Amino acid sequence: WANLGLQDSASPLMEQLIFFHDHALLILVMITVLVGYLMFMLFFNNYVNRFLLHGQLIEMIWTILPAIILLFIAFPSLRLLYLLDEINEPSVTLKSIGHQWYWSYEYSDFNNIEFDSYMIPTNELSTDGFRLLDVDNRIVLPMNSQIRILVTAADVIHSWTIPALGVKVDSTPGRLNQTNFFMNRPGLFYGQCSEICGANHSFMPIVIESVPTNYFIKWISNN
Ligand code: CUA
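Bear in mind the structure is a predicted one, so any value in this text is a computation, not a measurement. (Residues numbered from 1 in each chain as written. Predicted model: local features only at pLDDT ≥ 70, side-chain atom pairs only at ≥ 80, totals over all residues. Heavy atoms only, no water.)

Asker: Looking at this structure, I do not really get the overall build of the protein. What am I missing?
Answerer: The number of helices and strands found in the protein is three helices and 10 strands. Element order for the protein, N to C, with α for helix and β for strand: α-α-β-β-β-β-β-β-β-β-β-β-α. Computed over its C-alpha atoms, the radius of gyration of the protein comes to 24 Å, more than 25% above the 17 Å expected for a compact globule of 223 residues. Expressed along its principal axes, the backbone C-alpha trace of the protein runs to roughly 80 × 40 × 35 Å. When burial is assessed residue by residue, the protein has 34% of its 223 residues classed as buried. Counting only contacts in the protein whose residues sit at least 6 apart along the sequence, the fraction spanning at least 24 positions is 64%. Carbon and sulfur atoms form 62% of the exposed surface of the protein, whose accessible area is close to 14,400 Å². Of the side-chain charges in the protein, 10 are positive and 19 negative, and the distance between the mean point of each set is 5 Å. (Helix = DSSP H or I, 4+ residues; strand = E, 2+ residues; numbered from the N terminus. Rg over C-alpha atoms; globule rule 2.2 N^0.38 Å. Buried < 20%, exposed > 50% of the residue type's maximum accessible area, 1.4 Å probe, protein only. Contact = heavy atoms within 4.5 Å. Areas by Shrake-Rupley, 256 points an atom, 1.4 Å probe, with all protein chains shown as cover. Lys, Arg positive; Asp, Glu negative; His and termini not counted. Charge placed at Lys NZ, Arg CZ, Asp CG, Glu CD.)

Quick look at the structure:
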């Protein structure tokens, strides 16, 4: 808790998102420092130019210069947008359905395995469990593979969000949204629903178990 930065990335796309965040923040800091300096210096204004009413050249410069600075944010942003949208021959597809208030999952490629995933209530939590974050049935997915996620909802709008993977897709009734990711390390990746879907909105977390491919095959064939 009290971590104000982004989580460590577990996918190449999240890595790119962090790079873009740092890049945009750097530009933001430079603008803030410049404008802050100019505003501070107004206190020491000695009114040498109080009869100056117009200046075509300086107006041109301070209109075009911010526009050019914005391009340095706009182009990397568009690059990232199209990078996130690209689906690169997924080897596993997971369907995730939002309900009030739990997620249900379907592995349509593998004999249509399906299960519900509920948050573990605080009073049933083990000592090493994460409060409001652990679930009874985790999603198991192979690392180092392209994974496609199909997201929809059965009642109201939810949102399937995993910060470490850079994934955030609205799950909407009557719609099927698609996203993808690639996990480059094993581990547990936690997420939460991030649409305000009702009274127990904060009680429908998501847990992914990222495992080696042979472990995944073992898990999927035992289900
Ligand atoms: Cu489901 Cu918020």
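From this point, the narrative continues.
Asker: Which parts of the structure should I look at to understand the UniProt feature "transmembrane region" (unreviewed entry) in the protein?
Answerer: UniProt feature "transmembrane region" (unreviewed entry): in the numbering of this structure it lies at residues 24-48 and 60-84. The span residues 24-48 shows a helical share of 72% and a strand share of 0%, and its end C-alpha atoms are spaced 36 Å apart. Counting secondary structure, residues 60-84 comes out at 100% helix and 0% strand; the distance between its end C-alpha atoms is 36 Å. (UniProt positions renumbered as here; feature names shortened; annotations may be inferred.)

Asker: Looking at this structure, how should I read the packing of aromatic side chains?
Answerer: Two numbers describe a pair of aromatic rings. These are the distance of the centres and the angle of the planes. Per the stated rule, a full pass over the model turns up 12 aromatic pairs. Here a set of aromatic residues connected by ring pairs shows up, and it is made of Tyr105, Tyr107, Phe110, Phe115, Phe216 and Trp219. (Phe/Tyr/Trp six-rings, centres within 6.5 Å; stacked < 30°, edge-to-face > 60°.)

Asker: Help me understand the domain arrangement of the protein in this model?
Answerer: When the parts of a complex come together, some accessible area is lost, and that lost area is often taken as the interface size. If you check the domain split of the protein, you get domain 1 (12-45 + 52-85) and domain 2 (92-222). Measuring from the centre of the C-alpha atoms in domain 1 to the corresponding centre in domain 2 gives 37 Å. Each partner contributes to the interface: domain 1 provides five residues, whereas domain 2 provides seven residues. Here domain 1 meets domain 2 over a buried area of about 450 Å², counting both sides, of which 52% is carbon and sulfur. (Domains from an automatic or database assignment. Buried area = accessible area lost by both parts, 1.4 Å probe.)

Asker: Where do I start with the UniProt feature "domain: Cytochrome oxidase subunit II copper A binding" (unreviewed entry) in the protein in this structure?
Answerer: With numbering aligned to this structure, UniProt lists the feature "domain: Cytochrome oxidase subunit II copper A binding" (unreviewed entry) at residues 89-222. Across residues 89-222, helical content stands at 7% and strand content at 45%; the span's end C-alpha atoms are separated by 26 Å.

Asker: So what exactly am I meant to see when it comes to the side chain of Asn180 here?
Answerer: Within the secondary structure, Asn180 is located in strand β8 (residues 177-182). One polar contact links the side chain of Asn180 to the main-chain carbonyl oxygen of Glu86, over a distance of 3.0 Å. Filtering out sequence-adjacent residues up to four positions away, Asn180 remains in contact with Leu13, Leu84, Glu86, Ile87, Asn88, Gln146, Ile147, Arg148 and Val167. (Polar contact = N/O pair within 3.5 Å; in protein donor to acceptor, adjacent residues only side chain to side chain.)

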